Amino acid sequence: LPAIAVRNLVKRYGDTAVLHGIDLEIPPGQVSCLIGPSGSGKSTLLRCMAFLEEATSGTITVDGEVLGFSENSNGMRERIPAATNRAIRSKIGMVFQQFNLWPHMTALGNVSEALRTVHKMSRKDAEARAMEQLVKVGLEARAGHYPSQLSGGQQQRVAIARALALKPKIMLFDEPTSSLDPELTGEVLNVMRDLAAEGMTMVVVSHEIGFAATVGSQISFLDQGRLLFSGPPSEVFGKP
Ligand code: ADP
Ligand code: ADP
């Protein structure tokens, strides 16, 4: 069973189609990388997978469950009940280019707040789980620091810890290093490597070709809203 299955996905903004019928299966426990020129639709596809965008037509299933809208063979669409959608979406964690941390909260607060609001956890339990996640991204010593006191790489690791604290089965990364200075990208990529080594299912939009070639097991190339190729890195980048 694929972790995520995208079937004939079309996304239009007004009259302009930016995804022209994408078919893609994300294998569980592996890293799938989306590459392609700027404006080719990578971010839109990822946002549809997280149901941050509604596709115009086509379906997305997560662990075999339809997300957002089901579609019958006549193309008739039916909205999935909100509670079901929420349950499916909770399997997905997302990390963006911008870290979007709350500036008035510490690293620990940023990670634990989500647990308190989403899972109604007590402060004590939320902070304990948040700390576990900060340890995991190598930031236990920075738990009491505010975002302005952290480097971009550290802020992005807090954002990753925040997503992980909600215990997703699948993590989506949208250009997680592209707003970082070059010397800080390595620390974020290393956290992603650790996650991959643990068998986390990941979909990564990134220009870090080295990461895609070494950590990805599936590379998908988009161009002008079409999936031109999807396969193992050796077929995309050639054998070393
Ligand atoms: P990529 O991530 O590959 O750079 P995007 O998915 O961000 O590509 O964008 C694909 C195309 O969709 C681009 O032409 C972009 O301008 C367009 N697009 C993205 N979001 C919107 C929007 N909200 N409204 C209109 N066009 C959009
Ligand atoms: P990315 O490539 O990472 O999606 P962008 O700067 O292209 O970053 O897009 C940032 C935001 O602007 C997104 O929410 C996207 O949907 C929206 N957007 C992108 N292109 C357009 C567009 N042509 N018209 C309207 N909104 C757009």
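Cut-off values and rules
Residues numbered from 1 in each chain as written. Chains lettered and ligands numbered in written order. Predicted model: local features only at pLDDT ≥ 70, side-chain atom pairs only at ≥ 80, totals over all residues. Heavy atoms only, no water. Core = buried A, V, L, I, M, F, W, Y, C linked by side-chain atoms within 4.5 Å. Buried < 20%, exposed > 50% of the residue type's maximum accessible area, 1.4 Å probe, protein only. Contact = heavy atoms within 4.5 Å. Near = heavy atom within 4 Å. Areas by Shrake-Rupley, 256 points an atom, 1.4 Å probe, with all protein chains shown as cover. Polar contact = N/O pair within 3.5 Å; in protein donor to acceptor, adjacent residues only side chain to side chain. Helix = DSSP H or I, 4+ residues; strand = E, 2+ residues; numbered from the N terminus. Nonpolar A, V, L, I, M, F, W, Y, C, P; charged D, E, K, R; others polar. 1 Å grid on protein atoms, 1.4 Å probe; cavity = no way out; pocket = protein on both sides within 12 Å on 5 of 7 lines; lining within 4 Å. Points joined across faces, edges and corners; volume = space filled by probe spheres on them. Disulfide = S-S within 2.5 Å. Salt bridge = Lys/Arg side-chain N within 4 Å of Asp/Glu carboxyl O. Pairing = 2+ DSSP bridges. Axes fitted to C-alpha atoms, helices over the stretch in contact; angles between N-to-C directions. Phe/Tyr/Trp six-rings, centres within 6.5 Å; stacked < 30°, edge-to-face > 60°. Lys NZ or Arg CZ within 6 Å of the ring centre and 35° of its normal.

Some words on the nonpolar core
By size, the foremost hydrophobic cluster in this structure holds 42 residues, and its most contacted members are Leu-134, Ile-160, Met-171, Phe-173 and Met-202. Setting aside residues up to four positions removed in sequence, Ile-160 forms contacts with Val-95, Val-137, Met-171, Phe-173, Val-188, Val-191 and Leu-195. Ranked by size, the runner-up nonpolar core spans 28 residues in total, among them Leu-45, Leu-46, Ala-55 and Ile-60.

Thoughts on the site of ligand 2
Every residue lining ligand 2 is accounted for by Ser-43, Glu-53 and Gln-97. Coverage of ligand 2 by the protein amounts to 23% of the 550 Å² it exposes when considered alone.

Observations regarding the site of ligand 1
Around ligand 1, the surrounding shell consists of Tyr-13, Val-18, Pro-37, Ser-38, Gly-39, Ser-40, Gly-41, Lys-42, Ser-43 and Thr-44. At 3.1 Å, a backbone N or O of Ser-40 approaches an oxygen atom of ligand 1. Gly-41 places a polar main-chain atom, nitrogen or oxygen, 3.0 Å from an oxygen atom of ligand 1. Coverage of ligand 1 by the protein chains reaches 55% of its 560 Å² of free accessible surface. Looking at the shell around ligand 1 element by element, the count peaks at three residues for helix H1 (residues 42-49). Grouping the amino acids of the shell around ligand 1 by side-chain chemistry returns three nonpolar, six polar and one charged.

Structural notes on the layout of surface pockets
Empty space left among the atoms is revealed by rolling a probe the size of a water molecule over them. For the largest pocket, the calculated volume is near 700 Å³. Along its surface, the largest pocket is lined by 24 residues, and Ile-92, Gly-93, Met-94, Ala-163 and Leu-166 are the ones closest to its centre.

Remarks on the state of the cysteines
Two cysteines form a disulfide when their sulfur atoms are joined by a covalent bond. The full count for this structure, using the stated rule, is zero disulfides. Free of any disulfide, Cys-33 has its nearest cysteine sulfur in Cys-48, 19 Å distant. Note on Cys-33: relative accessible area 2%, which makes it buried. Note on Cys-48: relative accessible area 2%, which makes it buried.

Examining the pattern of salt bridges
According to the stated counting rule, one finds 11 salt bridges in the structure shown. Notably, a salt bridge pairs Asp-63 with Lys-91, separated by 3.4 Å at the nearest N-O pair. Separated by 28 residues along the polypeptide, Asp-63 in the loop between strand E4 (57-62) and strand E5 (65-67) and Lys-91 in the loop between helix H2 (82-89) and strand E8 (92-95) bring together distant segments of the chain. Overall, Asp-63 belongs to the partly exposed group, its relative accessible area being 22%. Residues participating in the shared-partner salt-bridge network are Asp-63, Glu-65, Lys-91 and Lys-169.

Re the sheet that holds strand E1 (residues 4-13)
A sheet is described by the order of its strands in space; here four strands give the open sequence E2-E1-E4-E5, paired in antiparallel fashion. With one partner strand each, in any of the chains shown, strand E2 (16-26) and E5 form the two edges of the open sheet. With strand direction ignored, the average angle separating the axes of adjacent strands in the sheet is 30°. Sheet analysis places E1 next to E4, joined by five bridges and oriented antiparallel. Bridging across to E4, Val-6 finds its partner in Ile-60. Strand contacts of H2: E4 and E5, with the helix running at about 105° to E5, the strand carrying the most contacts.

Remarks on the packing of aromatic side chains
Applying the stated criterion to the full structure yields one aromatic pair. When the ring of Phe-51 is compared with that of Phe-69, the centres are 6.4 Å apart and the planes differ by 65°; the resulting orientation is edge-to-face. Within this pair, whereas Phe-51 is found in the loop between H1 and E4, its partner Phe-69 is found in strand E6 (residues 69-71), the two being separated by 18 residues in sequence. Accessibility assignment for this pair places Phe-51 and Phe-69 in one class, buried. Looking at Arg-77, its charged tip hangs above the ring of Phe-69, at a distance of 4.3 Å from the centre.

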